[in-house]
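The chain contents come next:
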Amino acid sequence: MPKAMQFTKGSIIYFEGDRDDRIYIVQSGSVLLSGTEMESGMAVAEHIKNGEFFGVKSALGHFQREETATALVPTVAVALTVQEFEILFSNNKPLIMKMLRVFSNQLRQIHKKIESTLNNIKQDQQTGMFAVAKSFYDDEEYRSCCDVLTKMLKRYPSNSHLDEIKNLYKDSKMRMEKLAIRNRGAAQPEYEEELSGSSIKLFSLPAFERFAKTYEPGEVIISEYEPGDCFYLIQSGNVQLIKCVNGTKKNLDILKPGEFFGEMAILDNSPRSATCMAIGNVKCLEFNKENFELLITGNPQMALLLLKLFCKRIYDQKRRFRILTITDLQARIADVFLMLDEMNPSGKENEKQRRFNVTFGDIAHWAGLSQEVTRDEINKLVEKRKIEVYDTYIIVSNINDMKRMYDTRSGAINR
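So, here's what we can say about the structure. What you see is a predicted model; the values in this text were computed from it and never measured.

**Some words on helix α5 (residues 142-155)**
Thinking step 1. Taking 1.5 Å as the rise per residue, α5 with 14 residues should run 20 Å; its terminal C-alpha atoms sit 20 Å apart, in good agreement.
Thinking step 2. Buried residues in α5 make contact with α4 (125-138), α6 (162-183), β10 (220-222) and β14 (275-288).

**A look at the pattern of salt bridges**
Thinking step 1. In the structure shown here, the tally under the stated rule is 29 salt bridges.
Thinking step 2. Across the salt bridge formed by E216 and R143, the nearest N and O atoms sit 2.9 Å from each other. Taken together, the residues E216 in the loop between β9 (212-215) and β10 and R143 in helix α5 connect sequence positions 73 residues apart.
Thinking step 3. On the accessibility criterion, R143 (24% relative accessible area) is partly exposed.

**With respect to the environment of F136**
Thinking step 1. In this fold, F136 is placed in helix α4.
Thinking step 2. For the pair F136 and S273, spaced 137 residues apart in sequence, the C-alpha separation works out to 16 Å.
Thinking step 3. Beyond its immediate stretch of four places on either side in the chain, F136 contacts E141, S144, C145, V148, V220, I242, K249, T275 and M277.

**Considering the side chain of Q330**
Thinking step 1. Checked against the element boundaries, Q330 lands in helix α10 (residues 329-343).
Thinking step 2. For Q330, the contacting residues outside a window of four places in its chain are E377, K380, L381, K384, M405 and R409.

**A closer look at the sheet that holds strand β15 (residues 354-356)**
Thinking step 1. Across the sheet, which stays open at both edges, the 3 strands sit in the order β15-β17-β16 with antiparallel pairing between neighbours. Strands at the two margins of the open sheet, each flanked by one partner only, are β15 and β16 (387-389). Ignoring strand direction, the axes of neighbouring strands in this sheet form an average angle of 15°.
Thinking step 2. Here 3 bridges tie β15 to strand β17 (residues 394-396), and the two strands are oriented antiparallel to one another.

**Comments concerning the packing of helix α2 (residues 82-90) against helix α3 (residues 93-117)**
Thinking step 1. Close contact between α2 and α3 brings their axes to 7 Å; oriented N to C, the two are set at 110°. By the angle class used here, α2 and α3 are roughly perpendicular. Here α2 contributes F85, F89 and S90 to the contact with α3, which in turn contributes L95, I96 and M99.
Thinking step 2. Across the contact of α2 with α3, the residue classes tally to 5 nonpolar, 1 polar and no charged.

Cut-off values and rules
- Residues numbered from 1 in each chain as written.
- Predicted model: local features only at pLDDT ≥ 70, side-chain atom pairs only at ≥ 80, totals over all residues.
- Heavy atoms only, no water.
- Helix = DSSP H or I, 4+ residues; strand = E, 2+ residues; numbered from the N terminus.
- Expected span 1.5 Å × (residues − 1).
- Contact = heavy atoms within 4.5 Å.
- Salt bridge = Lys/Arg side-chain N within 4 Å of Asp/Glu carboxyl O.
- Buried < 20%, exposed > 50% of the residue type's maximum accessible area, 1.4 Å probe, protein only.
- Pairing = 2+ DSSP bridges.
- Axes fitted to C-alpha atoms, helices over the stretch in contact; angles between N-to-C directions.
- Parallel < 35°, antiparallel > 145°, perpendicular 65-115°, else oblique.
- Nonpolar A, V, L, I, M, F, W, Y, C, P; charged D, E, K, R; others polar.

Rendered as C-alpha cells:
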C-alpha cells in the first residue's frame, strides 16, 4: 500500500548518493531537489509541487540518488514501491506520455552537452546526413555509406549535394561490389539471439509479424539527422549506435534483442540523434509515428519498458559526460577504466586485476580524446606497469590504482 509520509520544514527525505527504491509524489507542501551540475560544478535546484513525482529515475534504474530531496515547508509525500508506481503508471495514459516526453527531453539535453563538450559542429539535416555517409566511406564501410546516401536521395531528391551524392554513391557501390566478390564464401559472424524478457514476449505474437523488418549485416536502419517517423523493437540480432562527430564515427552502444531505438525522435519531433546499423542479420518490429501513442498507451508493459530504458540511458550518458568534464588527462583515462569496471563488474569481490575487451580507439572514444593523445596517455600507464595493452584487449593490473588516480588527480572527494 502507498504510504503517506509527513516531513517537517527542512527535513531531508533522502540524500544524494543514497540507494532507495521508493518513488514519491507530493500530496501537499513543496520539495527542493538540489544537486551539482556536472559541467560547471555549480549547484542546481528544482522545486517539486503538489501532484508531481520525484525519485523516479534512480528508483526504476536502481541507481544512487542523483540529488538531495528537502522539504521546503511542512510536506506530505506519498511513497510508492516500484511495483505500486508501475500499477499507477500503467493505468494513467496522460501520465505515460508526459513522463516519456520529459525523460526523452532530458536525454536529448545530455546529448547536446556531450556534443558541445566534444566541439561537434552543428549541421543542418542534409549536410549532416552527407557527413555521416562520408564517415562510413572513409572507414571503408561502403554498404552503410550507400544506405545513407539512398535515404538522402529519397528524402531530399533536389538537395544541394545532389552531384556529390551521386558520385559518392557510384564509387561506394563499385567498392562494395568488389569487396563482396573478394569476401564471397567467407563465413559471416552470426549475432542472432532470441527475444528475451517476459515483459516483451507479447511482441512475439503473430499479430505483430506484419510490423517485422529484416536487415542485412552493415545495413543502416536509421541515419543520424534524418527525420524521425518510425521506432523499432529488436527481435533478434544486435544494432550498433553510431554518432558522427566532426566527420568521424563514434560508437555509442550496442543494442540487443528486446531493446528499443528511434523513440526519441518520435517523442520530441526532432531529427535522429544517432545512426543505427545492423550487426549481422537483424529482425526488428517497426512502428510508425501515427500509431506510437496508441501502441504505448495500449500496452502498459511496453510503456514501462521504455520508461526504464530512458532511466538507464540517462544514467549511462551522464556517467559518460562526467568523464568528458575531467581536465586532467590521466584522471580522465582512469575514469574510463572505472566506468568499464562498473559496466562489467568482476564476480570476485577481492579480484583487483581487470581485463577489458577494448582498444586504443575505444578508450579514445570514451575519453573524447584524439588517438594520438590517448596513445601517449596510455603509454604513460604502461611504463608505470599500471596496464598491459594488447591488440583487442587491455589488462588493468589493479583497478584500485585507477580509483586512487582518479580521486587524486581530479580533485574528487567522493565518487
